[in-house]
Amino acid sequence: MVATTLRTFKWFQRNSCTLRTILSLIVTVVMDSLGSSYRALVIGSTGTIGAGFLTALAQDPNCELVAEVSRRHNPGFDLADEASLAEATRQCAPSGPFHFIVDATGALTIDGHGPEKHLGALDATRLLRSFQVNAVGPALLLKYFLPLLARERTIYAKLSARVGSISDNSKGGWYGYRASKAAVNMFLQTAAIEFARKNPQAILAALQPGTVASALSKPFATPDHCTPVAESVEGLLKALDALAPKPSAHFVDFRGATIGW
Ligand SMILES: NC(=O)c1ccc[n+]([C@@H]2O[C@H](COP(=O)([O-])OP(=O)(O)OC[C@H]3O[C@@H](n4cnc5c(N)ncnc54)[C@H](OP(=O)(O)O)[C@@H]3O)[C@@H](O)[C@H]2O)c1
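Residues numbered from 1 in each chain as written. Predicted model: local features only at pLDDT ≥ 70, side-chain atom pairs only at ≥ 80, totals over all residues.

Participant: How would you summarise the pairing of strand β6 (residues 250-253) if you had to cite specific residues and measurements?
Facilitator: Both strand β5 (residues 202-208) and β6 contribute to a ladder of four bridges, which runs parallel. Within β6, the position partnered with Leu207 by the bridge is Val252. In this view, the connection linking β5 to its parallel neighbour β6 by way of helix α6 (residues 229-241) has left-handed handedness. (Pairing = 2+ DSSP bridges. Helix = DSSP H or I, 4+ residues; strand = E, 2+ residues; numbered from the N terminus. Right-handed = clockwise from strand over helix to strand, strands pointing away.)

Have a look at this one:
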């Protein structure tokens, strides 16, 4: 019995590379850069893209643990309620330290109103609400969750959007969503500079997932033109896996291409 176990172990040692290759064909994606027992946390795991991350990470053999937190979990949190974010952090801390955190929260339709097509549609209350959900809340998530990252190579990723790129804006429209995503990009860039002093191995990244069919995109996207969520998440994980640490934030899309700020 012992001999059989030993033979099996030696065979596994010899063939582990082949096994990993086969496994990588079966599972969605294998993150290599965070080691063979990394711990992950998905914030906003009830959303389409958040759930996609949860599924992909649960299938990654290198991911030792994937925790989740969202508005609908108990205790839930609301991006507009800082005390609830602090409490969510307290609840998640025992599952850390984390090597990978992704914040997949966000909103495009605000209080039943879609994105503004022209200046005449701007409404102060809704603009502030968009900033609260897409920029201020995520900035507070940085405040509370960055300290839960491990002190080695770690990744904090935030679902942003290409429309948050000022240099890429050639179409106009979508004032509140665009501006709030540009703001969250600035929060990430500023936090990356500060956090690099504590952990030079840390990576902070703003992500563009492509157009993915979800509650958020449904009123504005035709299903035929959407990227399947599994493909988007796999691409984003591969893109993140390939990023090098630097004392500033990255802005990348699901194909691994860099987006200009
Ligand atoms: N889908 C796309 O085509 C697309 C394109 C570019 C960028 N993005 C970005 O990707 C991210 C995820 O989008 P998605 O398509 O997966 O949207 P989604 O399915 O609507 O998910 C949005 C997530 O945000 C959470 N959320 C919204 N408001 C919240 C609040 N006040 N407090 C706490 N949680 C809140 C939702 O919680 P509940 O489940 O409780 O509602 C849900 O978990 C967003 O940042 C979005 O801007 C998406």
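Additional details are given in the paragraphs that follow.
Participant: Could you give an account of the sheet that holds β5, with specific residues and numbers?
Facilitator: Taken together, six strands build an open sheet; the order of strands is β2-β1-β3-β4-β5-β6 and the sheet is parallel. Looking at strand neighbours, the two that pair on one side only are β2 (63-69) and β6, the edges of this open sheet. On average, each strand axis in the sheet is inclined to that of its neighbour by 20 degrees, with strand direction left out of account. Summarising the sheet, strand β1 (residues 38-43) and strand β3 (residues 100-103) pair through four bridges and their orientation is parallel. Residue Ala40 lies in a different strand from β3, and its bridge partner there is Phe100. (Axes fitted to C-alpha atoms, helices over the stretch in contact; angles between N-to-C directions.)

Participant: Outline unusual backbone geometry, listing residues and values.
Facilitator: The omega torsion across Gly96 and Pro97 is -5 degrees, close enough to zero to call that bond cis. Mapped onto the fold, Pro97 is located in the loop between α3 (82-92) and β3. The backbone of Asp111 shows a phi angle near 50 degrees, a positive value even though the residue is not glycine. Along the chain, Asp111 turns up in the loop between β3 and α4 (124-145). Of note in the backbone geometry, Trp174 takes a positive phi value of approximately 55 degrees without being a glycine. Residue placement: Trp174 occurs in the loop between β4 (154-159) and α5 (175-198). Residue Trp174 is classed as buried on the basis of its 21 C-beta neighbours within 10 Å. (Buried ≥ 20, exposed ≤ 12 C-beta atoms within 10 Å, placed from the backbone.)

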